[in-house]
Amino acid sequence: MVETWVQIGDHIHLPLGGCWIDPVFHNCNHSARCEMCRLLNPLNPNYVSPAPLAPGEGLQGYMWSHSEEISSTTKKSFFRSAARTDTNHYLVWRDIKTIANDPHQPYNARLQALAQCGVGWAAAVPFEVDNHKGMVVYITRPNVDMEHLQGKNNESYLFCAAQLVGSAWALRSPRRRAKKDIRQTVDNAMRRVRIKILAYRRMGIDLSQLATAHTTTRPITLRAVSMTHGREDYDDVDPFFSISDYWQFSKEKAKVVAKKCLGQNVPPPPPISASETGFSCIGVFVSLTVLTTFNVFVVSTFGKRFEIPLGPFGALMGLQFCLTAAPAAQPLNAIVGQAIATSIGLITASLFFLQTWVRQALATTIAIGVMSSLGIVHPPASASAIIFASGGLSWTNAVSLMVANVLAVIIAALANNLNDRRQYPTTWGFRYFASVLGLYTKKKGEMSPHLRRKIRNWVGALPWSQPKKPPPQRSTRKDSFSSDYGSMNSMTSFSSIGDWERLSPV
């Protein structure tokens, strides 16, 4: 069974004719008790219509929310057979009954009917052709041969077939627009002919004589074309450059935005158990107690200029103990993101010609932009950018904040890993971040030649690294012979032997 679902607005739809089933798999007399006919036959009294689905709703919404967009790099790697082994599968086959019985999955009548009609596995291949997005859902029997289903040739066939189906769907709108352009061209031509005929009649010219004068050997057959034709409903028609079209487009966009703001009635994630909540609270309490005690010790020892701004650590605790697997909670984001945000905040705070609210907004904007471009977004770091851009803090406070961040990461790693159901961090990420910056090669722990060359040049430029001049050495007999031989060669430019005898020593 193959279904084609396309994205229209914020939902996915099953277009007319977008479902096909193998006659061998389903061959009945359209009985009212047939479970498959409930999904395929609109005349069935128990027919379950394929309503538009939000992401995460039903089987197709679930597949749509879990499917990744296929980039050009993925397509190239897919078609490069030499780079693929039999253990790498690009299609993920999911058990339909497991999804239907999932208590966290929103109820969907079509999903329940699909689970009862005897199908077993489903996989989706997304496509995107000329801004037309959708996916092709393949549904198989429960007793299918998985080794053959996940074979290299079969997956390649399903992948290419999905791209072909997506291209056929994307061709519909350009084809309709092309037909409209052709009809518009014919209408314009007929309008010009009509104007000329009216002008000739007003001038008193006999049209029959005019037609006889321009008669050719080849007969011309004129076909009547209607000047007014019925208005058709075209999908995805590009807006023209007029105020009314822009106004209509703005109203439609406002409706879509308003509908999306109302939500999709998808149930929220289930609450955390009492034991996990208690473990998180204990971890937060211990971490903040250590950090506040460390802050009191630093202030009493080194003074108030080393005080730690504790505001961002409230958000950091929520990430480290409640969202331990989130990318924003990992040590790379917590340490490097904080370093970037605090530096930007302090640099922005030095711009005294700007108002405080401008500095706060500017520092946060730049910090979020830099962290996003590097892939190390950290929400508490955005709060640090606002705090440091407000003024009143210095680089010593930033150093104390970074030390406290490292301490918080160590405490969170020790506390979370005491729980068998938790893992923190999922990745340290520093080697990957260094490879992104070109500091390390792909080989583990090996320094890149570019960085090695930079370090060698920097060390060589230090005053104590300059090589000492060697002491003068007495020339040996071999050296003097080489020197004389070199002088002899240089003397060949003289014109006569007498000059050489005159210059040579006696």
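Note that this is a predicted model, so its numbers are computed, not measured.

Novice: What exactly am I supposed to notice about the nonpolar core here?
Specialist: Note that soluble globular proteins tend to have their nonpolar side chains buried in a common cluster. Core analysis: the largest hydrophobic core is formed by 29 residues, its most contacted members being M36, L59, I96, L114, M135 and I139. Residue assignment for this core shows that the elements contributing at least two residues are α1 (37-40), α2 (58-66), α4 (96-100), α5 (109-116), β5 (121-129) and β6 (132-140). When neighbours within four sequence positions are excluded, M36 is seen to be in contact with M1, I21, F25, H26, C117 and V119. Counting residues in each nonpolar core, the second largest holds 23 residues, with I308, L319, F321 and M402 among its members.

Novice: Looking at this structure, I do not really get the packing of helix α12 (residues 331-349) against helix α13 (residues 356-374). What am I missing?
Specialist: To characterise two packed helices, one gives the angle between the axes of the helices and the distance between these axes. Running from N to C, α12 and α13 cross one another at 150°; their axes reach a closest spacing of 9 Å. In terms of orientation, α12 lies roughly antiparallel with respect to α13. Classified by chirality, the crossing of α13 by α12 is right-handed. Here G337, I340, A341, I344, G345, T348 and A349 of α12 come into contact with α13, specifically with R359, L362, A363, I366, A367, V370, M371 and L374. Residue composition of the contact of α12 with α13, grouped by class: 11 nonpolar, three polar and one charged.

Novice: Is there a simple way to think about the confidence of the model for the chain in this case?
Specialist: Keep in mind that low pLDDT regions are not for reading the predicted coordinates in detail. Mean pLDDT over the chain: 76, with 72% of residues reaching 70 or higher. The model gives residues 69-87 a pLDDT under 50, and that stretch makes 25 contacts with residues more than four places away or in other chains. Contacts of residues 475-506 to residues separated by more than four positions or lying in other chains number three contacts, the stretch itself having pLDDT below 50.

Novice: Help me out: how do you make sense of the pattern of salt bridges in this one?
Specialist: Evaluation of the coordinates by the stated rule reveals three salt bridges. With a shortest N-O distance of 3.1 Å, E276 and R422 are connected by a salt bridge. One end of the pair, E276, is in helix α10 (residues 274-302); the other, R422, is in the loop between α15 (395-416) and α16 (430-436), and 146 residues separate them in sequence. Its relative accessible area of 14% is what places E276 among the buried residues. Note on R422: relative accessible area 13%, which makes it buried. Notably, a salt bridge pairs E307 with K304, separated by 3.1 Å at the nearest N-O pair.

Novice: Can you walk me through the environment of S287 in this structure?
Specialist: Position of S287 among the secondary structure elements: in helix α10. Look at S287 and you get buried, because its relative accessible area is 1%. Residues S287 and A408, spaced 121 residues apart in sequence, show a C-alpha to C-alpha distance of 6.5 Å. Those residues in contact with S287 that sit more than four places away from it in its chain are M317, F321 and I411.

Novice: What's the story with a positive patch on the surface in this structure? I'm lost.
Specialist: Together, R191, R192, R194 and K196 make up a positively charged patch on the protein surface. Inspection of the secondary structure assignment puts R192 in helix α7 (residues 152-202). Judged by its relative accessible area of 51%, R192 is exposed.

Novice: I tried to follow α12 on my own but got confused; where do I start?
Specialist: In an α-helix, one full turn covers 3.6 residues, which means residues spaced three or four apart are oriented alike. For α12, with 19 residues, the first-to-last C-alpha span of 26 Å sits near the 27 Å given by 1.5 Å per residue. In terms of burial, α12 is largely enclosed, as 16 of its 19 residues are buried.

Novice: Quick question: what am I supposed to make of the side chain of H132 here?
Specialist: With respect to the helices and strands, the residue H132 is situated in strand β6. The class of H132 is buried, set by a relative accessible area of 10%. Polar side-chain contacts of H132 include one of 2.8 Å to the backbone oxygen of D130.

Novice: Teacher, can you tell me more about the pairing of β6 here?
Specialist: Residues in a regular strand project their side chains so that they alternate between the two faces of the sheet. When you tally the buried positions in β6, you get eight out of nine residues, the bulk of the element. Taken together, the five bridges between strand β1 (residues 2-8) and β6 define a ladder with antiparallel strand orientation. Considered in β6, the bridge of T4 is made with V136. Looking at chain direction, β5 and β6 are connected through nine bridges and run antiparallel. Residue pairing for β6: A124 is matched across the bridge by V137.

Novice: Could you clarify how one ought to interpret unusual backbone geometry in this entry?
Specialist: Look at the link from Y424 to P425: it is a cis peptide, with omega at -5°. The topology assignment puts P425 in the loop between α15 and α16. The backbone of D130 sits at a positive phi, close to 55°, despite the residue not being glycine.

Novice: How should the packing of aromatic side chains be read in this particular structure?
Specialist: Each aromatic ring pair is specified by the distance between its two centres and by the angle formed by the two planes. Evaluation of the coordinates by the stated rule reveals one aromatic pair. When the centroid spacing of 5.6 Å and the interplanar angle of 55° are considered together, the rings of F302 and F306 count as tilted.

Novice: When you look at the side chain of N416 in this model, what are you seeing that I'm missing?
Specialist: Residue placement: N416 occurs in helix α15. Reaching out from N416, the side chain makes a polar contact with the backbone oxygen of Q320 at a distance of 3.0 Å. Polar contacts involving the side chain of N416 include one to the main-chain carbonyl oxygen of A412, which spans 2.9 Å. Not counting chain neighbours up to four residues away, the residues in contact with N416 comprise F279, Q320, F321, T324, R422 and Y424.

Novice: Which parts of the structure should I look at to understand the environment of L164?
Specialist: Summarising the element assignment, L164 is placed in helix α7. Separated by 35 residues in the primary sequence, L164 and V129 place their C-alpha atoms 9.8 Å from one another.

Novice: So what exactly am I meant to see when it comes to the pairing of β1 here?
Specialist: In this sheet, strand β3 (residues 19-20) lies alongside β1 in antiparallel orientation, the contact comprising two bridges. Directly across from V2, in β3, lies its bridge partner W20. With three bridges connecting them, β1 and strand β2 (residues 11-13) associate as antiparallel partners. When the sheet's bridge partners are listed, Q7 is paired in β2 with I12. Hairpin connection of β1 to β2: two residues between the antiparallel strands, including G9 at a positive phi of 75°.

About the cut-offs
Residues numbered from 1 in each chain as written. Predicted model: local features only at pLDDT ≥ 70, side-chain atom pairs only at ≥ 80, totals over all residues. Heavy atoms only, no water. Core = buried A, V, L, I, M, F, W, Y, C linked by side-chain atoms within 4.5 Å. Buried < 20%, exposed > 50% of the residue type's maximum accessible area, 1.4 Å probe, protein only. Helix = DSSP H or I, 4+ residues; strand = E, 2+ residues; numbered from the N terminus. Contact = heavy atoms within 4.5 Å. Axes fitted to C-alpha atoms, helices over the stretch in contact; angles between N-to-C directions. Parallel < 35°, antiparallel > 145°, perpendicular 65-115°, else oblique. Left-handed = near helix turned anticlockwise from the far one by under 90°. Nonpolar A, V, L, I, M, F, W, Y, C, P; charged D, E, K, R; others polar. pLDDT = per-residue confidence, 0-100. Salt bridge = Lys/Arg side-chain N within 4 Å of Asp/Glu carboxyl O. Patch = residues over 30% accessible without salt bridge, like charges linked within 9 Å, V, L, I, M, F, W, Y side chains within 5 Å. Areas by Shrake-Rupley, 256 points an atom, 1.4 Å probe, with all protein chains shown as cover. Lys, Arg positive; Asp, Glu negative; His and termini not counted. Charge placed at Lys NZ, Arg CZ, Asp CG, Glu CD. Expected span 1.5 Å × (residues − 1). Polar contact = N/O pair within 3.5 Å; in protein donor to acceptor, adjacent residues only side chain to side chain. Pairing = 2+ DSSP bridges. Phe/Tyr/Trp six-rings, centres within 6.5 Å; stacked < 30°, edge-to-face > 60°.

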